[in-house]
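# Coordinates in review
So you can see what is in the structure, the chains are spelled out below.
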Amino acid sequence: MKKADCIDKFLRYVKIDTQSDDSTGTSPSTMKQHDLARLLEKEMLDMGVSNVVYDKDHCYVYGEIPATKGCEDATAIGFIAHMDTSDEVSGKDVKPRIVENYDGGDIVLNSEQNVVLSPNDFPSLKEKVGDDLIVTDGTTLLGADDKAGVAEIMAMAETLLTNPDIAHGPIKIAFTPDEEIGGGTDYFDIPLFGAKFAYTVDGGKLGELEYENFNAAEGVVRVHGRSVHPGDAKNKMVNASLICYEFHSLLPVFQNPMYTEKREGFFHLTEINGSTEEATCSYIIRDHDEALFNQKKELFKAAGEFLNKKYGEGTVEVTLRDQYRNMIELIRPHSHLIDNVKKVMADLGIECIDQPIRGGTDGAMLSYKGLPCPNLCTGGYNYHGKYEYASVQEMRSVVDILLGLVEAYSK
Ligand SMILES: [Zn+2]
């Protein structure tokens with residue numbers, strides 16, 4: 001079998017700035033994401049992918065590798081990755097560099113700015129001795145999240161197309177915008193995509209498999225106070241900022257991201273703004289367990305009601321908005337999605353790291369829209385920052401996992 005390499009593709013894709021931006025309100029949120037979409041459309045057409053559809057309105061690219069002879073009735077399986085990068089750190093002028101045969105020491109990313117990628121700060125590096133690592137120049141993120149996934153899916157597709165003797169069922173691939181700002185599935189066309197099941201390739205360390213994520217909501221507390229000259233404020237002033245402070249004190253102290261892990265949920269105060277007259281605090285609320293999640297939302301509302309009883313109706317306004325839900329209930333009935341990954345990894349000698357995500361994925365959204373969709377590893381680390389890196393060897397192993405899944409679903 002002649003295997004296509006994912007690394008040259010990856011190095012090409014990360015040089016294209018595709019940073020999304022949650023302040024624009026448009027879809028896609030930034031027009032520059034089209035630069036990568038256009039390139040992917042061209043590369044897909046050049047390698048012979050069928051039914052390539054580029055949704056130019058919303059910046060999605062879809063394609064298909066039709067089943068080989070005799071496998072037409074096999075289950076159609078899909079692979080999805082997102083093209084955008086985090087809005088937290090610039091993805092412009094990314095200059096990837098390969099550190100060959102990593103020796104386990106510090107990697108100076110940028111000597112002028114003294115940016116050092118060190119195993120003391122990032123213990124994952126200690127397991128990477130001997131790998132070739134792709135790193136940044138210390139001024140941007142790398143974009144392995146999720147261009148590693150994009151490159152791996154493209155390498156899998158190219159491998160299938162250049163080796164027509166590999167038997168496989170219908171394979172669907174798609175690349176999406178705006179995952180980082182929570183808009184990656186807004187315009188995803190599941191009927192057009194045509195797969196019955198899919199995997200997002202958007203995780204981290206080799207071996208990671210994720211199909212259990214948080215239930216998620218955001219809560220905003222608006223407090224209306226009454227400003228009065230402090231010299232004359234007795235029994236008249238209502239300090240909105242202090243009521244925000246009081247609201248927070250009504251939430252369980254330990255249910256905070258600083259003190260929780262694994263399947264423990266939390267209330268996270270993300271922002272607080274206030275004066276005497278008006279104050280606002282914003283939260284995100286998370287829990288894997290649906291009952292505990294609902295309890296948290298009830299408690300959040302009850303805290304507002306208590307303060308309204310104390311300070312007068314209308315002092316505190318609490319709004320809650322559900323963001324995404326735990327996909328596990330939708331994956332469980334299709335256990336082959338998990339069993340096949342575990343078997344493929346075992347055959348490749350890769351240890352499967354099966355763990356709940358303390359976050360969400362586009363796959364969770366897609367699962368609720370009718371496309372059950374666990375998340376696979378990419379071989380990338382330290383996402384959303386200048387210390388982001390990827391292992392060449394792990395990325396190539398991910399391509400092997402994808403090819404193994406293609407084979408598993410050919411039967
Ligand atoms: Zn991602």
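The paragraphs below set out a description of the structure included in this document. (Residues numbered from 1 in each chain as written. Predicted model: local features only at pLDDT ≥ 70, side-chain atom pairs only at ≥ 80, totals over all residues. Heavy atoms only, no water.)

### Observations regarding the overall build of the protein chain
A count of helical and extended segments in the protein chain gives 10 helices and 18 strands. Scaling as 2.2 N^0.38, a compact globule of 411 residues should have a C-alpha radius of gyration of about 22 Å, and the protein chain matches this with 24 Å. Relative to its 411 residues, the protein chain shows a buried fraction of 54%. Taking contacts inside the protein chain between residues at least 6 apart in sequence as the whole, the part at least 24 apart equals 79%. Of the side chains in the protein chain, 41 bear a positive and 67 a negative charge, and the two mean positions are spaced by 2 Å. (Helix = DSSP H or I, 4+ residues; strand = E, 2+ residues; numbered from the N terminus. Rg over C-alpha atoms; globule rule 2.2 N^0.38 Å. Buried < 20%, exposed > 50% of the residue type's maximum accessible area, 1.4 Å probe, protein only. Contact = heavy atoms within 4.5 Å. Lys, Arg positive; Asp, Glu negative; His and termini not counted. Charge placed at Lys NZ, Arg CZ, Asp CG, Glu CD.)

### A few points about the sheet that holds strand S16 (residues 375-376)
To summarise the sheet geometry, strands pair through backbone hydrogen bonds and adopt either a parallel or an antiparallel arrangement. Sheet architecture is open: eight strands sit in the order S1-S2-S8-S3-S9-S16-S10-S15, paired in mixed fashion. Of all the strands in the sheet, the pair left with one neighbour each is strand S1 (50-55) and strand S15 (353-354). Note that strand S3 (residues 77-82) and strand S8 (residues 171-176) share six bridges and pair parallel. Residue Phe79 lies in a different strand from S8, and its bridge partner there is Ile173. Running at roughly 170° to S1, helix H2 (residues 33-47) makes contact with S1, strand S2 (60-65) and S8 of the sheet. Across the sheet, helix H8 (residues 336-348) lies against S3, strand S9 (197-201), strand S10 (208-210), S15 and S16, angled at about 55° from S9, the strand it touches most. (Pairing = 2+ DSSP bridges. Axes fitted to C-alpha atoms, helices over the stretch in contact; angles between N-to-C directions.)

### Digging into the pairing of S2
Note on strand geometry: in a regular strand, side chains alternate between the two faces of the sheet. Summarising burial for S2: six of the six residues are buried, a large majority. With burial as the criterion, each face of S2 is covered, one bearing Tyr60, Tyr62 and Glu64 and the other bearing Val61, Gly63 and Ile65. Strand direction decides the pairing type here: S1 and S2, joined by four bridges, are antiparallel. Along S2, the bridge assignment pairs Asp55 with Tyr60. What sits between the antiparallel neighbours S1 and S2 is a turn of four residues, in which Cys59 has the positive phi angle 70°.

### Describing the pattern of salt bridges
Applying the stated criterion across every chain yields a total of 24 salt bridges. With a closest N to O distance of 3.2 Å, Asp232 and Lys236 form a salt bridge. In this structure, the salt-bridge partner of Asp287 is Lys296, at a minimum N-O distance of 2.6 Å. Exposure remark for Lys296: the relative accessible area of 7% places this residue in the buried category. Salt bridges here are not isolated pairs; linked through shared partners, they connect Glu127, Lys128, Lys205 and Glu394. (Salt bridge = Lys/Arg side-chain N within 4 Å of Asp/Glu carboxyl O.)

### Focus on the coordination of the zinc ion
Protein coordination of the zinc ion is provided by His82 (NE2), Asp145 (OD), Asp202 (OD) and Asp202 (OD), with donor distances spanning 1.9 to 2.7 Å. Because the angles between the four donor atoms bound to the zinc ion fall within 52 to 148°, the donor set is best described as irregular. Here the donor residues of the zinc ion are spaced in sequence according to H-x62-D-x56-D. Note that His82 is positioned in strand S3 and Asp202 in the loop between S9 and S10, a separation of 120 residues in sequence. Per residue, the accessibility class of His82 equals that of Asp202, and both read buried. (Donors = N, O, S within 2.8 Å, 3.2 Å for Na, K, Ca; no water. Tetrahedral: all angles 85-135°; square planar, octahedral: opposite > 155°, others 65-115°.)

### Structural notes on helix H5 (residues 240-249)
Three or more residues of H5 are buried, namely Ala240, Ile243, Cys244, Glu246 and Phe247. One face of H5 carries all of its buried residues, which in axial projection span an arc of 160°. Opposite the buried face of H5, by more than 90 degrees, sit the exposed residues Leu242, Tyr245 and Ser249. Contacts made by the buried residues of H5 are with strand S11 (215-224), strand S12 (266-274), strand S13 (278-287), helix H6 (290-311) and strand S14 (316-324). For H5, the capping residue at the N-terminal end is Asn239, with a side-chain oxygen 3.0 Å from the backbone nitrogen of Ser241. (Arc of directions from axis to C-beta. Polar contact = N/O pair within 3.5 Å; in protein donor to acceptor, adjacent residues only side chain to side chain.)

### Here's the deal with unusual backbone geometry
Cis peptide bonds are those with omega within 30 degrees of zero, and the linkage from Ser27 to Pro28 qualifies with -5°. As for its placement among the helices and strands, Pro28 is situated in the loop between helix H1 (7-14) and H2. A cis amide bond links Asp145 with the next residue in sequence, Asp146, at an omega value of 10°. Mapping Asp146 onto the fold places it in helix H3 (residues 144-162). Not every positive phi belongs to a glycine, and Asn235 is a case in point at roughly 65°. As for its position among the elements, Asn235 is in the loop between S11 and H5. One non-glycine residue with positive phi stands out, namely Lys262, at about 50°. Looking at the secondary structure, you find Lys262 in the loop between H5 and S12. What makes Lys262 exposed here is its relative accessible area of 59%.

### Observations regarding empty space enclosed by the protein
One pass over the full model with this rule turns up one cavity of 30 Å³ or more. In this structure, the largest cavity spans a volume of roughly 50 Å³. Taken together, Ile80, Ala81, His82, Asp146, Thr176, Glu179, Thr200, Asp202, Thr361 and Asp362 make up the full set of residues lining the largest cavity. The element best represented in the lining of the largest cavity is S3, accounting for three residues. (1 Å grid on protein atoms, 1.4 Å probe; cavity = no way out; pocket = protein on both sides within 12 Å on 5 of 7 lines; lining within 4 Å. Points joined across faces, edges and corners; volume = space filled by probe spheres on them.)

### Overview of the sheet that holds S13
Taken in spatial order, the four strands of this open sheet run S12-S13-S11-S14, and their pairing is antiparallel. Two strands lie at the open edges of the sheet, namely S12 and S14, each paired on one side alone. Across the sheet, the axes of successive neighbouring strands diverge by a mean angle of 15°, strand direction being ignored. With 10 bridges joining them, S11 and S13 adopt antiparallel strand pairing. Considered in S13, the bridge of Val221 is made with Cys281. Most of the contacts of H5 go to S13, to which it runs at about 15°, and overall it touches S11, S12, S13 and S14.

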